[in-house]
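Secondary and tertiary structure notes
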Amino acid sequence: MSSRRSRSRQSGASRISDEQIVDLVSRLQQLIPEIRSRRSDKVSASKVLQETCNYIRSLHREVDDLSDRLSELLESTDSDSAQAAIIRSLLM
């Protein structure tokens, strides 16, 4: 089944217009540092989505790294200290 047919069968409330897609891609373009730092305003929607996925993956890696570092710090801290309580709250 073509995408046009499947889109036409969706309810009116769940449909998204081409204009809305363009707006959402534009918003993503403004949020992603790799794209925002470029001088050119012309970036394809597929490139914006690809860079968005890459950026989300890098954020996941950064969160994992920071969690690991906090866990290591917690292990080296007195478990009853105020500092340990702060670290535990950050890990939750």
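Here the structure is shown first, and the text comes after it.
Let me begin by describing the structure that accompanies this report. Quantities reported herein were computed from a predicted structural model and do not represent experimental measurements. For every chain, the first residue of the written sequence is number 1, and numbering continues from 1 along that sequence. Local features in this predicted model are restricted to residues whose pLDDT is 70 or higher, and side-chain atom pairs enter the listing and the counts only when it is 80 or higher, whereas totals over whole chains, interfaces and linings include all residues. Hydrogens and water are ignored here; the side-chain numbers use all heavy atoms of the structure.

Observations regarding the environment of serine 79
- What counts as a helix is a DSSP run of H or I of at least four residues, what counts as a strand is a run of E of at least two, and both are numbered from the N terminus. By the secondary structure assignment, serine 79 is in the loop between α4 (45–75) and α5 (82–91).
- In this scheme, a residue with accessible area under 20% of its type's maximum is buried, one over 50% is exposed, and one in between is partly exposed, where area comes from a 1.4 Å probe on protein chains only. The class of serine 79 is partly exposed, set by a relative accessible area of 44%.
- Whether two residues are in contact is decided by their heavy atoms, any of which lying within 4.5 Å being enough. Beyond its immediate chain neighbours, meaning those up to four positions away, serine 79 contacts Ala84 and Arg88.

Considering the side chain of glutamate 51
- Of note, glutamate 51 is situated in helix α4.
- The contacts of glutamate 51, once residues within four sequence positions are left out, are Ile32, Glu34, Ile35 and Arg38.

Points about the packing of α4 against α5
- Here α4 crosses α5 at 155°, and the two axes come no closer than 10 Å. When the interaxial angle is binned, α4 and α5 end up roughly antiparallel. For the pair α4 and α5, the crossing hand works out as left-handed. Across the interface between the two elements, Ser67, Leu70, Ser71, Leu73 and Leu74 of α4 pack against Ala84, Ile87, Arg88, Leu90 and Leu91 of α5.
- Residues are grouped as follows: Ala, Val, Leu, Ile, Met, Phe, Trp, Tyr, Cys and Pro are nonpolar; Asp, Glu, Lys and Arg are charged; every other residue, Gly included, is polar. For the contact of α4 with α5, the per-class residue count stands at seven nonpolar, two polar and one charged. What counts as an axis is a line fitted to C-alpha atoms, over the stretch in contact for a helix, and the angles between N-to-C directions run from 0 to 180 degrees. In this scheme, roughly parallel covers angles under 35 degrees and roughly antiparallel covers those over 145, while 65 to 115 is roughly perpendicular and the rest are oblique. If you view the pair so one helix is near and one far, a crossing is left-handed when the near helix is turned anticlockwise from the far one by less than a right angle, and right-handed when it is turned clockwise.

Overview of the packing of helix α2 (residues 18–31) against α4
- The N-to-C vectors of α2 and α4 enclose an angle of 45°; their axes lie 10 Å apart at closest approach. One element, α2, and the other, α4, form an angle in the oblique class. Helix-helix and strand crossings are classified by hand; for α2 and α4 the assignment is left-handed. Between α2 and α4, the contacting residues are Val25, Leu28, Gln29 and Leu31 on the first element and Ala45, Val48, Leu49, Thr52 and Tyr55 on the second.
- In the contact of α2 with α4, the residues fall into seven nonpolar, two polar and no charged.

Considering the pattern of salt bridges
- A carboxyl oxygen of Asp or Glu within 4 Å of a side-chain nitrogen of Lys or Arg is what we treat as a salt bridge. Within this structure, the stated rule accounts for three salt bridges.
- The residue arginine 27 makes a salt bridge to aspartate 23 at a minimum N-O spacing of 3.2 Å. Taken together, the residues span about one helical turn, with arginine 27 and aspartate 23 both in helix α2 at a distance of four residues.
- Classification of aspartate 23 by relative accessible area gives partly exposed; the value is 35%.
- Aspartate 65 is paired through a salt bridge with arginine 69; the nearest N and O atoms lie 3.8 Å apart. Taken together, the positions of aspartate 65 and arginine 69, both in helix α4 and four residues apart, correspond to about one turn of that helix.
- With a relative accessible area of 39%, aspartate 65 lands in the partly exposed category.

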